[in-house]
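What the coordinates show
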Amino acid sequence: MAVGQNVLRKEGYEKLTGAARYIDDITLDGMLHGKTIRSSIPCGRIKSITFDPDYDWSRIVVADYRDIPGNNYVALIENDQPLLAETEIRHCEEPILLIAAESKHEAEVAARHIRIEYEESPPVLTIEEALEGDRIIYGSDNIFKSFLIARGDVDEGFKQAHTIVEGEYRVPHQEQLYIEPQGMIAIPGDNAMTVMGSMQCPYYIHKALKHVFNLSDEQVIVIQTTTGGGFGGKEEYPSVIAAHAALLAHKAGRPVKLVYDRAEDIAATPKRHPGIIRHRTGVTKEGQLVASEIDILFDGGAYVTLSPVVLSRGAIHALGPYRCDNVRITARAVATNTPPNGAFRGFGAPQVTFAYEMQMEKVAAKLILDSVTIRQINMLREGDITATGQRLNWSVGSEDVFNAVVDRKKFFEKRGNAADKSDLRGKLYGIGLSFFFHGAGFTGSGEAKMKAQAGIGITPEGRARVLSGSTEIGQGTRTIFSQIVADELGIGCDDVEVEEPDTSRVPDSGPTVASRTCMVVGRVVQLAAYEVKQKLLRFVAERYGDADVKLIEGRFDANGKELASFSEIARAYLDLRGELKAYASYANPPGIEWDDETYTGDAYPVFSWGAMVAEVEVDPVTWAVTVTKITTAQDIGRAINPVLAAGQIEGGTLQAVGYGVLEELVWNRGRIINNQLTNYIIPTSLDAPEIETIIIEKEYPHGPFGAKGVGELPMDGAAPAIALAVYDAVGHFVTEIPITPERLMVVAG
Amino acid sequence: MCIVSVISVISVAKNVCPNLVWSDLEAKKSMKLNFRVNGVEREIDAPPMKRLLDALREDLRLTGTKEGCGEGECGACSVIVDGEALNSCLAPVCQMQNANIITVEGLARDGKLDPLQQAFLECGAAQCGICTPGMLIAARALLDANRRPSRDEIKEAIAGNLCRCTGYVKIIDAIEQAASAA
């Protein structure tokens, strides 16, 4: 068996020797270097664009919106984001012009010879300003999207409540900060366009390019190059860069490389949505939730992009992994004159998780209940019903994860022990916990509509080849797909190849997002492998009469007699019948139903579950918070590759530590002013706590070998666990992250 | 290697001419430079202020060394120069005359991985892989100077190399494993 083994990373050798080619490592003959000229105001209109008449423009390719052969928008949920501004400016990083030159240097110099003048309008920069409605920048009320989730009777619930607790929580922007900046190379063809680069979702780019150039499916080819991290940041924005590079390439008739430097990447690309989340919770004397009213506000930025789906996930997760029969969740994403916010690991859930876990602790404190009891009383268990009315029928690891990390006795010993609270260096010790869940796959009817496809082909050498649009972005797609296929076919992992994501060679498996690659696409890959196996079994049966054919450990047996190896039979099939390929597509498990109108039903086919204990030291002089240890248990169904799965959990946890205590974007009139690694601080090895990971495997009957999603769950729990540890250490309850020394000092008065 | 002097050259230049960017400095007249990269004598003709990073990637086509930030914060461009790890994005190539440089491409010998590379592979220390070359270089420089580092010493040695995927756990494990295997 390959599944459950720590099979070595498929592309590990290339990555370790420097041989892997990332987009900036590729140079093509005749290639030009592109640059994006952006707005310098958050809101207004372009008055004039002046090209310095003393500069030699003959060497420079310039493109503006008039050069777009097709539609001037970046196709996504709504087509409201222009590829290049025409006259209206809606945020500070709005792309206006594109230039390309023989070298990066020349493009930089040329850019300094362009002057753009504007007629400025007062911008809408915050959620509050958007809601005040003094200036309308979208629709009639600045609201991109709103949702209502209602269950039971909230008013009645509050009447039954012994205590009502209110809380308001604020969460910031966060930058994905993949270490490889975004970039693309476009290669123009005869009525065709090929783009390669750093990306999560080749078919998003494929669609966007078709709209921009009025080309057909076959005329556009998108190829993923080795991608140096994504975390959601390379979900939707690469379509913009790809189309920009392609437009320059189209105009120049030469390949164009467009790679951002770090400053541009941080300034212009999407961030995690900042938000304001308000809770009003009714509880009985014993601590049982009887009413919950939650209002979510997310800042979507200047264009719709992915805000509706981020908001949807936020709303569905807003109550947390808790039971409450009377719920009313309202959620709105508003428009502001800031760069569009978008996908970032967790996708709306980390924001609401911070809020519901802080609120849970607030409720406990009000009732003089402890952190563990309040959660145990209200925890969702198998058979319970969520806020959207979903009955949890399978793979509910809630108690398992909770019990794995929360040893009641030890937790309260540590929490209560005054001797531990202050060590010799004068630091204050604190411990906190969080409990959370994450729905895997697209929300609601998403997967049913998407019908993700994947295939298995057989190579001339008789090896299996995975055909899927799912990308390897470091999380281990290639390795786990190989393991799944190896076990389904009964062959070794080394006999499975994974085709590079190239839209001319792989089907649309949907985007590489939403913790769906293993659970959803992995399942489809498994089904396709099953089809290939059946074809080969039938082939062998036909050749050997009605023999009882079996495929065991990579060898075909007929009537108990060993025939030949998998690869020999596969090659024989190719010789006699030509090609061998099988495709499969995803369908939700039976009984999974969702109503988009009422926002009720099975929001996800299954949830992954997590619990976390964070330990911190707070310096009472500087208020600096050091996270010393994180212990976490996460139920992911089945770890196809335990080392890779633990790597997801550790990495996601540290990103969430950054979200909780370090990472803060500083804004000035709609522009990020710390768009550098010097002053946007992400955790280094010295900021990283010791992380102890416990993987819980409550198998999901409809996942590949029982697997659920793992990618995003680890991002959800750390911020509240740390904030509650800080509360334990210093006695001050923070309602806003990151818990920087400055912010904690203010809270502490 | 004196990085401070490089920074002061740039800051002085920037004070004199505030609109100056790296690429202006780089665009000066070329000079011939000789140094050794991964055991091979190389000669390049480059502007003196060209970044070592660009000389490696563009002139020598050694693209294993990566650029993550261009300001010495992320460490993706780390190379070993005369035994010490440094950020090649902050080092002008004119300071490399007669230097002995090791890049990620120089770690494996005859197709056999360096013990660090092997440990990174086995421990799952490389995910997206973009920080890996710099991380390996920082770790190699550490182990060359300190054969049995403690976990804290490892953390200190890679503190200038940012990784966004792993949470550093498996990177530290891998360096420890390589050290104990040596």
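None of these values were measured; they are calculated from a predicted model. By convention here, each chain's residues receive numbers from 1 onward along its written sequence. All chains are assigned letters beginning at A, and all ligands numbers beginning at 1, according to the order in which they are written. Predicted model: local features are reported for residues with pLDDT of at least 70 only, side-chain atom pairs are reported and counted for 80 or more only, and whole-chain, interface and lining totals are derived from all residues. Hydrogen atoms and water are omitted, and side-chain values are computed over all heavy atoms in the structure.

The way it works is that DSSP assigns letters per residue, a run of H or I at least four long becomes a helix, a run of E at least two long becomes a strand, and they are numbered from the N terminus. Of the regular secondary structure elements, chain A holds 21 helices and 30 strands. A compact globule built from 749 residues would reach a C-alpha radius of gyration of about 27 Å, and chain A, at 27 Å, matches this within 12%. Its C-alpha atoms give chain A principal-axis dimensions of about 85 × 75 × 55 Å. Throughout this description, buried means an accessible area under 20% of the type-specific maximum (1.4 Å probe, protein chains only), exposed means over 50%, and partly exposed covers the range between. Classification of the 749 residues of chain A by burial places 65% in the buried group. Based on C-alpha atoms, the radius of gyration is set beside the globule rule, defined as 2.2 Å times the residue count to the power 0.38.

Turning to the nonpolar core, a few remarks are in order. Counting 159 residues, the largest nonpolar core has Ile296(A), Ile329(A), Ile722(A), Phe120(B) and Ile175(B) as its most contacted members. At 10 residues, helix α20 (residues 718–730) of chain A tops the list of elements feeding residues into this core. For Ile722(A), the residues in contact, after removing those within four places along its chain, are Ala614(A), Val616(A), Val625(A), Val627(A), Val657(A) and Val661(A). The next biggest cluster of nonpolar side chains, apart from the first, holds 55 residues, and it includes Val525(A), Leu536(A), Phe566(A) and Leu580(A). The term nonpolar core refers to a set of buried residues drawn from Ala, Val, Leu, Ile, Met, Phe, Trp, Tyr and Cys, joined through side-chain atoms within 4.5 Å. What makes two residues a contact is simply this: any of their non-hydrogen atoms within 4.5 Å.

So, about the interface of chain B and chain A. On the side of chain A, 52 residues touch chain B, which itself brings 46 residues to the contact. Take the accessible area each of two parts loses on contact, using a 1.4 Å probe, and add the two losses: that sum is the buried area. Together chain B and chain A conceal approximately 4100 Å² of surface at their shared face, both sides included; 57% is due to carbon and sulfur atoms. Should a side-chain nitrogen of Lys or Arg be within 4 Å of a carboxyl oxygen of Asp or Glu, the pair is scored as a salt bridge. Taking the shortest distance from any N to any O, the salt bridge between Lys170(B) and Glu650(A) comes out at 3.1 Å. Sorting the residues of the side of chain B that touches chain A by element identifies α2 (22–26), α4 (115–123), α5 (132–145), α6 (151–157) and α7 (169–181) of chain B as the ones contributing at least two each. Note that Gly is not counted as nonpolar here; it falls among the polar residues with everything else outside the nonpolar set of Ala, Val, Leu, Ile, Met, Phe, Trp, Tyr, Cys and Pro and the charged set of Asp, Glu, Lys and Arg. Its residues placed into classes, the side of chain B that touches chain A shows 20 nonpolar, 13 polar and 13 charged.

Many authors give the size of an interface as the accessible area that is lost as the parts come together. Residues and elements named next belong to chain A. Each domain's extent is set by a domain assignment, obtained either automatically or from a database. Assigned domains within chain A: domain 1 (22–121 + 196–254), domain 2 (275–444 + 596–748) and domain 3 (452–585). With centres defined by C-alpha atoms, the gap from domain 1 to domain 3 works out at 39 Å. Contacts between the two partners involve 16 residues from domain 1, matched on the other side by 15 residues from domain 3. Between domain 1 and domain 3 lies a buried interface of about 1200 Å² when both sides are counted; carbon and sulfur atoms form 56% of it. Applying the counting rule to domain 1 against domain 3 returns 0 salt bridges.

Here the focus is α4(B). Of the positions making up α4(B), those classed as buried are Leu116(B), Gln117(B), Ala119(B), Phe120(B), Leu121(B) and Cys123(B). As for α4(B), its buried residues are in contact with α1 (12–17) and α18 (642–662) of chain A together with α5 and α7 of chain B. The backbone nitrogen of Leu116(B) lies 2.8 Å from a side-chain oxygen of the residue at the head of α4(B), namely Asp114(B). Among the residues trailing α4(B), Gly124(B) stands out with phi positive, at a value near 75°. In protein, a polar contact means a hydrogen-donor-capable atom and an acceptor-capable atom, both N or O and within 3.5 Å, with residues adjacent in sequence counting only if both atoms are side-chain atoms; elsewhere, any N or O pair within 3.5 Å suffices.

Attention shifts here to the sheet that holds strand β12 (residues 256–259) of chain A. All names here are of chain A. We call two strands paired when DSSP finds no fewer than two bridges between them. With respect to topology, 7 strands assemble into an open sheet ordered β3-β5-β1-β12-β9-β10-β11, the strand pairing being mixed. Whereas interior strands pair on both sides, the edge strands pair on one side only; in this sheet they are β3 (61–63) and β11 (220–224). Adjacent strand axes in the sheet meet at a mean angle of 25°, parallel and antiparallel pairs treated alike. In this structure, strand β9 (residues 183–189) lies alongside β12, joined through 4 bridges in antiparallel fashion. Note that in β12 the partner of Ile185 across the bridge is Lys257. Across the face of the sheet, helix α2 (residues 104–111) comes into contact with β1 (32–38), β5 (95–101) and β12 while running at roughly 30° to β1. Axis definition: a line fit to C-alpha positions, over the contact stretch in the case of helices; interaxial angles, taken between N-to-C directions, run 0 to 180 degrees.

With that settled, consider the sheet that holds strand β6 (residues 114–120) of chain A. All names here are of chain A. Strand order across the open sheet formed by 3 strands is β4-β2-β6, with antiparallel pairing between neighbours. If you trace the sheet from one side to the other, it starts and ends with β4 (88–89) and β6, each paired once. Pairing analysis gives 7 bridges linking strand β2 (residues 44–51) to β6, with the strands arranged antiparallel. Residue Arg45 lies in a different strand from β6, and its bridge partner there is Glu119.

What follows is about the packing of helix α5 (residues 202–213) of chain A against helix α6 (residues 238–252) of chain A. Residue and element names in this part refer to chain A. Axis separation between α5 and α6 bottoms out at 9 Å; the angle between their running directions is 40°. Relative to α6, α5 is oriented oblique. Relative to α6, α5 is oriented so that their crossing is right-handed. Judged by residue contacts, Tyr204, Ile205, Ala208, Leu209, Val212 and Phe213 of α5 engage Pro238, Ser239, Ala242, Ala243, Ala246, Leu247 and His250 from α6. Grouping the amino acids of the contact of α5 with α6 by side-chain chemistry returns 11 nonpolar, 2 polar and no charged. Working rule for angles: under 35 degrees goes down as roughly parallel, over 145 as roughly antiparallel, 65 to 115 as roughly perpendicular, anything else as oblique. Crossing chirality is assigned from the near helix's rotation relative to the far helix, an anticlockwise turn below a right angle marking it left-handed and a clockwise turn marking it right-handed.

Considering the arrangement of structural elements, one finds Thr63(B) in the loop between α3 (52–59) and β3 (78–81). Classification of Thr63(B) by relative accessible area gives buried; the value is 2%. Those residues in contact with Thr63(B), other than ones at most four positions away along the chain, are Arg21(A), Asp25(A), Arg57(B) and Glu105(B).

Attention now goes to the confidence of the model for chain B. Low-confidence regions, as indicated by low pLDDT, have predicted coordinates that should not be scrutinised in detail. Per-residue confidence from the predictor is reported as pLDDT, a score between 0 and 100. Taken over all residues, the pLDDT of chain B has a mean of 89, while the share at 70 or more is 85%. Interface scoring of the predicted complex returns ipTM 0.97; its pTM is 0.96.

A word on unusual backbone geometry. All names here are of chain A. A cis amide bond links Ile737 to the next residue, Pro738, at an omega of 0°. Unlike most non-glycine residues, Ile368 shows phi in positive territory, near 55°. Within the chain, Tyr599 stands out as a residue other than glycine whose phi angle is a positive 55°. Relative to the helices and strands, Tyr599 resides in the loop between β24 (594–595) and β25 (600–601).

Below, the discussion takes up the packing of helix α9 (residues 349–367) of chain A against α20(A). All names here are of chain A. The contact between α9 and α20 brings their axes to 8 Å, and the two run at 35°. Considering how the two elements wind past one another, α9 and α20 form a crossing that is right-handed. In this structure, α9 uses Thr353, Phe354, Glu357, Met358, Glu361 and Ala365 to contact α20, whose residues at the interface are Ala719, Pro720, Ala723, Leu724 and Tyr727. Of the residues in the contact of α9 with α20, the class split is 8 nonpolar, 1 polar and 2 charged.

Right, let's get into the packing of aromatic side chains. Residue and element names in this part refer to chain A. Think of it this way: a Phe, Tyr or Trp ring, Trp meaning its six-membered ring, pairs with another when their centres are within 6.5 Å, and the plane angle makes it stacked under 30 degrees, edge-to-face over 60, tilted otherwise. Going through the model one piece at a time under the given rule, you end up with 19 aromatic pairs over all chains. With 5.8 Å between their ring centres and 65° between their planes, Tyr322 and Phe435 make a pair best called edge-to-face. Residue Tyr322 is found in the loop between α8 (307–317) and β15 (327–335), and its partner Phe435 is found in strand β16 (residues 428–439); the two are separated by 113 residues along the sequence. An angle of 90° between the planes, with centres 5.2 Å apart, marks the rings of Phe411 and Phe412 as edge-to-face. Within the aromatic cluster, the residues linked to one another by ring pairs are Tyr322, Tyr356, Phe402 and Phe435. Criterion for a charge above a ring: Lys NZ or Arg CZ within 6 Å of the ring centre, and within 35 degrees of the ring normal. Its guanidinium or amino end placed over the ring of Tyr178, Lys234 lies 4.4 Å from that ring's centre, counting from NZ or CZ. Over the face of the ring belonging to Tyr659 we find Arg272, whose NZ or CZ atom lies 5.1 Å from the ring centre.

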